[in-house]
Amino acid sequence: HVQLVESGGGSVLARGSLRLSCAASGYTYRRYCMGWFRQASGKERAGVATISRYGDTRYADSVKGRFTISRDNAKNTLYLQMNSLEPDDTAMYYCAARSGSWCDVIADFDSWGQGTQVTVS
């Protein structure tokens, strides 16, 4: 397991931008698949994006072209750049990590952050 702490959430107007960060600690961070998930009020948790240890990325269709997931292994940090935000993007956003080579939002993630709230109006 890896310890994860999200930051960067807040309130933003529609069409605005936010950058979320996830600070990770642990010896094996570079070996982990990392992902961003979100859960809106009254809805199930949904995958947003993943990035493998090799840098391969996957995105939910709803955010493709607007969000960018990246990682800086030297800084043990995961990012989610969110542009052209929409009210439907309002949710609690969670950083997650899993070991292994398979990196997809339907995979079982081992570690989760506490979440950071994003509100778009």
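On a predicted model such as this, the values are computed, not experimentally measured, just so you know.

Here's the deal with the packing of aromatic side chains
Summed over all chains, the structure comprises 3 aromatic pairs. When the centroid spacing of 5.0 Å and the interplanar angle of 80 degrees are considered together, the rings of phenylalanine 37 and phenylalanine 109 count as edge-to-face. Here the residue phenylalanine 37 occupies a position in strand E4 (residues 33-39), and phenylalanine 109 occupies one in the loop between strand E9 (91-98) and strand E10 (111-112), the gap between them amounting to 72 residues. Comparing phenylalanine 37 with phenylalanine 109, the two get one shared label, buried. What makes phenylalanine 37 buried here is its relative accessible area of 4%. Grouped by ring-pair contacts, the aromatic residues Phe37, Phe109 and Trp112 constitute a single cluster. Above the face of the tyrosine 79 ring, arginine 19 is positioned so that its terminal group lies 4.0 Å from the ring centre. Here the basic side chain of arginine 45 rests over the ring of phenylalanine 37, its NZ or CZ set 5.8 Å away from the ring centre.

Notes on the side chain of threonine 77
Structurally, threonine 77 is set in strand E8 (residues 77-82). Under the relative-accessibility criterion, threonine 77 is labelled buried at 11%. For threonine 77, the side chain forms a polar contact with the main-chain oxygen of lysine 75, separated by 2.9 Å. When sequence neighbours within four positions are dropped, the list of residues in contact with threonine 77 reads Ser21, Cys22, Tyr29, Ser70, Arg71 and Asp72.

Comments concerning the state of the cysteines
Under the criterion given, the structure shown has 2 disulfides. A sulfur-sulfur separation of 2.1 Å characterises the disulfide bridge that pairs cysteine 33 with cysteine 103. Measuring the twist about the S-S bond at about 80 degrees, one finds the cysteine 33-cysteine 103 disulfide to be right-handed. Residue cysteine 33 is located in strand E4, and its partner cysteine 103 is located in the loop between E9 and E10; the two are separated by 70 residues in the primary sequence. Classification of cysteine 103 by relative accessible area gives buried; the value is 8%.

Some thoughts on the environment of threonine 28
Tracing the sequence through the fold places threonine 28 in the loop between strand E3 (18-25) and E4. Residue threonine 28 is classed as partly exposed on the basis of its relative accessible area of 35%. Remark: the alpha-carbon pair of threonine 28 and alanine 91, spanning 63 residues in sequence, is separated by 29 Å.

Cut-offs applied
- Residues numbered from 1 in each chain as written.
- Predicted model: local features only at pLDDT ≥ 70, side-chain atom pairs only at ≥ 80, totals over all residues.
- Heavy atoms only, no water.
- Phe/Tyr/Trp six-rings, centres within 6.5 Å; stacked < 30°, edge-to-face > 60°.
- Helix = DSSP H or I, 4+ residues; strand = E, 2+ residues; numbered from the N terminus.
- Buried < 20%, exposed > 50% of the residue type's maximum accessible area, 1.4 Å probe, protein only.
- Lys NZ or Arg CZ within 6 Å of the ring centre and 35° of its normal.
- Polar contact = N/O pair within 3.5 Å; in protein donor to acceptor, adjacent residues only side chain to side chain.
- Contact = heavy atoms within 4.5 Å.
- Disulfide = S-S within 2.5 Å.

Any link to function would need more than the numbers given here.
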